[in-house]
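Chain residues, written in single-letter form:
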Amino acid sequence: MHNDSRAVWHANIGPIDTPQLLQLHDELDEIVDSNRQDGDKTKPAALLDAYPGLGKSTAVRAYGRKLFREQITLRGETTPSGDRRVPIIYIALSGNTQIRGLNAAICRFYGLPVTGDADTLAERAVDAVLSMRTAVFIIDDIHFLAGAKTNSVRMSNQLKYLANVFPVTLIYVGVGVQQRGILSEGFSGKKNELAQFGRRTTPLTLLPFQIENEEGRQQWQVLLKTIEKKLVLAEKYPGMLARDLSDYLYARSTGHFASLMALINRGCLRAIRSGHERLDKELMDQVKNDVAAEEARKELEAAIEAGLLTSHPASRGRKSA
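Residues numbered from 1 in each chain as written. Predicted model: local features only at pLDDT ≥ 70, side-chain atom pairs only at ≥ 80, totals over all residues. Heavy atoms only, no water.

As a further point, take the pattern of salt bridges. Side chains that carry opposite charge are capable of pairing whenever their charged atoms lie near each other. Per the counting criterion, the structure on display carries 11 salt bridges. Ionic pairing is found between Asp29 and Lys66, a salt bridge with its closest N-O pair at 3.2 Å. Linking Asp29 in helix 2 (residues 19–34) with Lys66 in helix 3 (residues 56–75), this pair joins segments that are 37 residues apart in sequence. For Asp29, a relative accessible area of 19% translates into the label buried. Ionic pairing is found between Asp285 and Lys281, a salt bridge with its closest N-O pair at 3.0 Å. Taking relative accessible area as the criterion, Asp285 reaches 36% and is therefore assigned partly exposed. (Salt bridge = Lys/Arg side-chain N within 4 Å of Asp/Glu carboxyl O. Helix = DSSP H or I, 4+ residues; strand = E, 2+ residues; numbered from the N terminus. Buried < 20%, exposed > 50% of the residue type's maximum accessible area, 1.4 Å probe, protein only.)

Structural data, given as structure tokens:
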């Protein structure tokens, strides 16, 4: 039972307040807090567009939970009319989401019926937003709304409709969204200026950890030390990650948070099951990781082995780039 509890714990470490996450939350706060326009005015949206494996969804869900608590504390659990207050909603799209499916997902979040056509569902959702005083929509995996060029145009129009009708701040999360044509609404070249959606949306991003400079190396060390403190292993010791496995973990994760956490989670599971109770290179070499991280691993390992790259701060006397 204890080992099972440890496995669950290691699989759910986080979110961790990395500099990237804190900066993103500050940027989202700035956009959301400045959107005090009256209900008949369109509020500017935010788009978190970044590569996979950087913790986008985790970071935005953490922001949503924080904002939810703040709004409930500030305004109460019920609205002046007595309805339950739902200050923020979160929707994750799927690969076959169409306009009706998007509206149905919104209704489903509120626990409303999902019968009827797209317009009926939209009207139902608007009533819920107004009565429950929802202030923010988070729409995750927004790239699933993009397909053919004509579909991108339809979806852009639908998102504009949501922005015009719902008195909320829309936060979109996706991969390669700006390259898929949603922001440009099918326009190209100089005609991009005609794209209202792009004018109303502020792009944000999350970056992988970098160790090419001292600041990046310090951030990587802080991350590993924070994770190390959270591990529940009998033979854990100070410096197990940040000192002895720092370069190794960077090479195997390529600085991507999701790849790092998957590697550590699986390593802890193997350490518990084998009775090893600590993480070291010999054990971690037996752990598989995602394809993208493994493909980039050899180049980074070669640079580290040659002394061209290190994740250790210069203050430790290690060779730096």
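The next thing to look at is the sheet that holds strand 5 (residues 201–204). Taken in spatial order, the 5 strands make up an open sheet running 2-3-4-1-5, and their pairing is parallel. Unpaired on one side and paired on the other, strand 2 (88–92) and strand 5 mark the two borders of the sheet. Taking each pair of neighbouring strands and ignoring which way they run, the sheet shows an average axis angle of 15°. Pairing analysis gives 4 bridges linking strand 1 (residues 45–49) to strand 5, with the strands arranged parallel. Residue pairing in the sheet places Ala45 in a bridge with Thr201 of strand 5. Where helix 4 (residues 99–110) meets the sheet, its contacts fall on strand 2 and strand 3 (136–140), and the angle it forms with strand 2 comes to roughly 130°. (Pairing = 2+ DSSP bridges. Axes fitted to C-alpha atoms, helices over the stretch in contact; angles between N-to-C directions. Contact = heavy atoms within 4.5 Å.)

This paragraph deals with the confidence of the model for the chain. In this model, the chain carries a mean pLDDT of 85, and residues with pLDDT of at least 70 account for 86%. Least confident of the elements in the chain is helix 7 (residues 196–199), whose mean pLDDT is 64; most confident is helix 11 (residues 281–284), at 96. The model gives residues 186–194 a pLDDT under 50, and that stretch makes 8 contacts with residues more than four places away or in other chains. In this model residues 317–321 is a low-confidence stretch, pLDDT under 50, and it forms 13 contacts with partners more than four residues away in sequence or in other chains. (pLDDT = per-residue confidence, 0-100.)

On to the pairing of strand 1. Along strand 1, 5 of the 5 residues are buried, which leaves the element largely enclosed by surrounding structure. In strand 1, alternate side chains face the same way, and those of Ala45, Leu47 and Asp49 on one face and Ala46 and Leu48 on the other are all buried. Two elements, strand 1 and strand 4 (residues 169–174), share 4 bridges in a ladder whose sense is parallel. Within strand 4, the position partnered with Leu48 by the bridge is Val173.

Looking now at unusual backbone geometry. Looking along the chain, the bond that leaves Gly14 and enters Pro15 is cis, with omega of -5°. Structurally, the position occupied by Pro15 is in the loop between helix 1 (2–11) and helix 2. Positive phi is not limited to glycine here, since Arg133 has a value of about 55°. Note that Arg133 resides in the loop between helix 5 (118–131) and strand 3.

Attention shifts here to the packing of helix 8 (residues 214–230) against helix 9 (residues 246–253). Two elements in contact, helix 8 and helix 9, have axes separated by 11 Å at closest approach and are oriented at 100°. Taken together, helix 8 and helix 9 sit at an angle that is classed as roughly perpendicular. Each of Trp220, Gln221 and Leu224 in helix 8 lies in contact with helix 9, whose residues at this interface are Ser246, Leu249, Tyr250 and Ser253. Broken down by class, the residue content of the contact of helix 8 with helix 9 amounts to 4 nonpolar, 3 polar and no charged. (Parallel < 35°, antiparallel > 145°, perpendicular 65-115°, else oblique. Nonpolar A, V, L, I, M, F, W, Y, C, P; charged D, E, K, R; others polar.)

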